[in-house]
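The residues making up each chain are set out below.
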Amino acid sequence: MHNFGLYFTTGLEHILTWEALDHILFVAALCLRYQFKDYKKILILVTAFTIGHCTTLVLSTFNIISIKSSITEFFIALTILLTAVSNVFVKDVSQQKKVSFIYFMALVFGMVHGLGFAYSLKSMLGKTENIFIPLLAFNCGIEIAQILVALVVLIVSYIFVAILKVPFRYWLLFISGIIFGLSLQMAVERNPFGEKHSDEVTWSAALMCRDVITRSGI
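Residues numbered from 1 in each chain as written. Predicted model: local features only at pLDDT ≥ 70, side-chain atom pairs only at ≥ 80, totals over all residues. Heavy atoms only, no water.

(A) Summary view of the overall build of the protein chain. In terms of helices and strands, the protein chain carries 8 helices and 0 strands. Reading the helices (α) and strands (β) of the protein chain from amino to carboxyl end gives α-α-α-α-α-α-α-α. Within the protein chain, the proportion of its 218 residues that are buried is 44%. By sequence separation, contacts in the protein chain at least 24 residues apart represent 86% of the contacts at least 6 residues apart. (Helix = DSSP H or I, 4+ residues; strand = E, 2+ residues; numbered from the N terminus. Buried < 20%, exposed > 50% of the residue type's maximum accessible area, 1.4 Å probe, protein only. Contact = heavy atoms within 4.5 Å.)

(B) Region of the structure containing helix α3 (residues 39-61). Compared with the 33 Å implied by 1.5 Å per residue over 23 residues, the 32 Å span of α3 between its first and last C-alpha is a close match. All buried positions along α3 are accounted for by I42, L45, V46, A48, F49, T50, G52, H53, T56, L57, S60 and T61. Just past α3, the residue N63 takes up positive phi, approximately 60°. (Expected span 1.5 Å × (residues − 1).)

(C) Molecular detail of the confidence of the model for the protein chain. Of the residues in the protein chain, 81% have a pLDDT of 70 or more, and the chain-wide mean is 81. Mean pLDDT across the secondary structure elements of the protein chain bottoms out at helix α8 (residues 198-216), with 47, and peaks at helix α7 (residues 168-189), with 93. Contacts from residues 196-210, a stretch scored under 50 in pLDDT, to residues over four places away or in other chains number 15 contacts. (pLDDT = per-residue confidence, 0-100.)

(D) Structural context of the pattern of salt bridges. Considering all chains together, one arrives at 2 salt bridges under this definition. Between D22 and R190 there is a salt bridge, with the nearest N and O atoms lying 3.2 Å from each other. Of this pair, D22 sits in helix α2 (residues 21-31) while R190 sits in the loop between α7 and α8, and the two are 168 residues apart along the sequence. D22 gets classed as buried once you look at its relative accessible area, which sits at 4%. Note that R190 is salt-bridged to E73, the shortest N-O span being 3.3 Å. Here R190 is found in the loop between α7 and α8, whereas its partner E73 is found in helix α4 (residues 69-86), with 117 residues between them in sequence. The class of E73 is partly exposed, set by a relative accessible area of 23%. One continuous salt-bridge network, built from bridges that share partners, spans D22, E73 and R190. (Salt bridge = Lys/Arg side-chain N within 4 Å of Asp/Glu carboxyl O.)

What follows is the structure, encoded as structure tokens:
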């Protein structure tokens with residue numbers, strides 16, 4: 001049980017720290033389109049993300065897949081950026097189908113984030129032979145932390161939308177814009193393809209954001 005508590009706490013801390021800002025931003029971008037009445041959809045969403053990162057976490061821990069951390073971190077930033085952009089197209093979440101594309105996106109993007117989690121977990125495991133308990137505890141910690149982040153997002157959204165009467169779509173686009181800007185900066189800083197391409201990455205992403213906003217009629 002001591003080991004379970006250790007890895008569970010590590011899973012929590014892997015999300016609920018300043019160093020995990022990228023993962024917090026991703027969960028926030030996923031949950032921004034929802035409100036308290038959509039709590040079941042949020043739980044499914046967070047669980048899909050957990051299943052995704054758990055899958056690659058296991059595969060990476062057993063050395064079945066291995067990707068350079070520089071590439072993983074870059075693509076993590078891209079998943080946040082794309083999720084923030086996808087919020088521009090959100091109209092009415094209550095009218096979404098039971099199996100929404102956002103769940104599939106959370107699953108796939110979770111697999112990318114799982115590669116990032118793997119480096120921390122593998123460094124802790126060392127030569128430990130029985131990794132079932134550490135994996136279970138670590139993922140439980142991450143799941144609880146993600147639910148806490150989602151809860152905070154819902155509370156803040158409720159304050160601004162329900163109490164301060166900020167139109168929900170304005171709130172969604174404003175916060176998504178902030179997340180887009182932060183993730184764009186992360187992507188540029190983590191660009192593994194050479195510094196000379198950084199400006200190209202920034203310019204391309206900026207143009208993409210402009211085109212998306214133009215098409216949405218905002």
